[in-house]
Amino acid sequence: MKMVTAVIRPEMFYTVRAALEADGIYGMTVSEVMGRGAQKGIALRFRGKTVPVELIPKVKIEMVVRDGDVERIVGIVRANGRTGRPGDGRIFVLPVESICRVRTDQEEPEEL
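Note that the coordinates shown come from a computational prediction; the quantities given were computed from them, not determined experimentally.

Engineer: Explain the pattern of salt bridges here, please?
Structural biologist: A side chain with one charge can pair with a side chain of the opposite charge if their charged atoms come near. Counted according to the given criterion, the structure contains 6 salt bridges. For Arg72, the salt bridge is made with Asp23, and the minimal N-O distance between the two is 2.3 Å. Of this pair, Arg72 sits in helix H2 (residues 70-81) while Asp23 sits in the loop between helix H1 (13-22) and strand S2 (29-35), placing them 49 residues apart in sequence. According to the relative accessible area criterion, Arg72 is partly exposed, its value standing at 36%. By relative accessible area, which is 34% here, Asp23 ends up partly exposed.

Right, here's the structure in full:
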């Protein structure tokens, strides 16, 4: 099993979620986060003044999936989360050693 973590633009979340659901992927944890990449933030104009914004709002989607589904899920997020501008986000894939359901203490559930 793998954990796929995607950090994307907030305005792209509903498009990415709809594409994942259309492909049968429903289980996900979603968080509103803030961060910055190589661009080190942005400058916005507010009431005639330039205001530096160092941390930019993003949405983090976390999914634990079977090994065979990783490439398909990464492809869906890439295709539907891309604007072509800096700050589109990142996708991380990490190994998952085990899963345990809190309610039943079941180890390694059949269905994720």
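Engineer: Explanation requested: the nonpolar core in the structure shown.
Structural biologist: Nonpolar side chains in soluble globular proteins generally cluster together in the buried interior. In terms of nonpolar packing, the biggest core is built from 17 residues, with Val4, Ile8, Leu20, Ile61, Met63 and Ile73 touching the most fellow members. With residues near it in sequence (within four places) discarded, Ile61 still touches Val4, Thr5, Ala6, Ile8, Phe13, Val16, Met28 and Thr29.

Engineer: Please clarify how the packing of aromatic side chains should be interpreted in this entry.
Structural biologist: Remark: the centre distance and the inter-plane angle together describe each pair of aromatic rings, the angle taken between the planes. The final tally for this structure, using the stated rule, is 1 aromatic pair. Judged by centre distance (5.1 Å) and plane angle (65°), the ring pair of Phe13 and Tyr14 falls under edge-to-face. The exposure class assigned to Phe13 is buried, which follows from its relative accessible area of 9%. Overall, Tyr14 belongs to the exposed group, its relative accessible area being 57%.

Engineer: Would you take a moment to explain the pairing of strand S1 (residues 2-8) for this structure?
Structural biologist: Residues in a regular strand project their side chains so that they alternate between the two faces of the sheet. With 5 of 7 residues buried, S1 is to be regarded as a mostly interior element. One ladder, built from 7 bridges, connects S1 with strand S5 (residues 56-65); its direction is antiparallel. For Lys2, the partnering residue across the bridge sits in S5 and is Val65. In this sheet, strand S6 (residues 89-95) lies alongside S1 in antiparallel orientation, the contact comprising 7 bridges. Considered in S6, the bridge of Lys2 is made with Pro95.

Engineer: Hey, could you run me through the environment of Ile8 in this one?
Structural biologist: Mapped onto the fold, Ile8 is located in strand S1. For Ile8 and Gly87, which are 79 residues apart along the polypeptide, the C-alpha to C-alpha distance reads 7.9 Å. In this view, Ile8 contacts Phe13, Val16, Lys58, Val59, Ile61, Val77 and Asp88; residues no more than four positions away in its chain are not counted.

Engineer: I'm lost on the sheet that holds S1 in this one. Help?
Structural biologist: Hydrogen bonds along the backbone pair up the strands of a sheet, which may run parallel or antiparallel. Overall, antiparallel pairing links the 4 strands, which are arranged S2-S5-S1-S6 in an open sheet. At either end of the open sheet lies a strand with only one pairing partner, and these are S2 and S6. Across this sheet, the average inter-strand angle for adjacent strands is 20°, counted without regard to direction. Taken together, the 7 bridges between S2 and S5 define a ladder with antiparallel strand orientation. Bridging from a neighbouring strand, Gly35 pairs with Ile56 of S5. Lying on the sheet, H1 is in contact with S1, S2 and S5; it crosses S5 at an angle near 15°. Relative to the sheet, H2 contacts S1, S5 and S6, its axis offset from that of S1 by approximately 5°.

What counts as what
Residues numbered from 1 in each chain as written. Predicted model: local features only at pLDDT ≥ 70, side-chain atom pairs only at ≥ 80, totals over all residues. Heavy atoms only, no water. Salt bridge = Lys/Arg side-chain N within 4 Å of Asp/Glu carboxyl O. Helix = DSSP H or I, 4+ residues; strand = E, 2+ residues; numbered from the N terminus. Buried < 20%, exposed > 50% of the residue type's maximum accessible area, 1.4 Å probe, protein only. Core = buried A, V, L, I, M, F, W, Y, C linked by side-chain atoms within 4.5 Å. Contact = heavy atoms within 4.5 Å. Phe/Tyr/Trp six-rings, centres within 6.5 Å; stacked < 30°, edge-to-face > 60°. Pairing = 2+ DSSP bridges. Axes fitted to C-alpha atoms, helices over the stretch in contact; angles between N-to-C directions.

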